[in-house]
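Geometric and topological summary
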Amino acid sequence: MKWRVIIEPDSETGDWAVWCPELPGCVSAGETEQEALENIREAMSNDKPLCVYALYLEPDAIDLAPGALTREVTVG
């Protein structure tokens, strides 16, 4: 299953925050963009369900902060 995630750089620490708009409360972070994406994928995985699954229908538009990126991760 594919999920939309938003990944944002922290200008103070250089780390990356990542969150899934369709799964409220499902957030993660990493020192690099790749590590943040791996961490959110793990948080959303069936093996370690740290997030409660929601129905992923038509995604709502999101106003992104400067430097924020939209990515898609595959889980499962």
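Attention in this report is confined to the structure presented alongside it.

Cut-off values and rules
Residues numbered from 1 in each chain as written. Predicted model: local features only at pLDDT ≥ 70, side-chain atom pairs only at ≥ 80, totals over all residues. Heavy atoms only, no water. Salt bridge = Lys/Arg side-chain N within 4 Å of Asp/Glu carboxyl O. Helix = DSSP H or I, 4+ residues; strand = E, 2+ residues; numbered from the N terminus. Buried < 20%, exposed > 50% of the residue type's maximum accessible area, 1.4 Å probe, protein only.

The next thing to look at is the pattern of salt bridges. Counted according to the given criterion, the structure contains three salt bridges. The closest approach of N and O atoms between E22 and R4, which form a salt bridge, is 2.4 Å. Here E22 is found in the loop between strand 2 (16-19) and strand 3 (27-30), whereas its partner R4 is found in strand 1 (residues 2-9), with 18 residues between them in sequence. Given the relative accessible area of 13%, R4 is considered buried. Note that R71 and E33 form a salt bridge whose closest N and O atoms lie 3.2 Å from each other.

Glancing now at the environment of G14. Checked against the element boundaries, G14 lands in the loop between strand 1 and strand 2. Given a relative accessible area of 42%, G14 falls into the partly exposed group. Each C-alpha atom, one on G14 and one on E31, is 7.1 Å from the other, the two residues being 17 residues apart in sequence.

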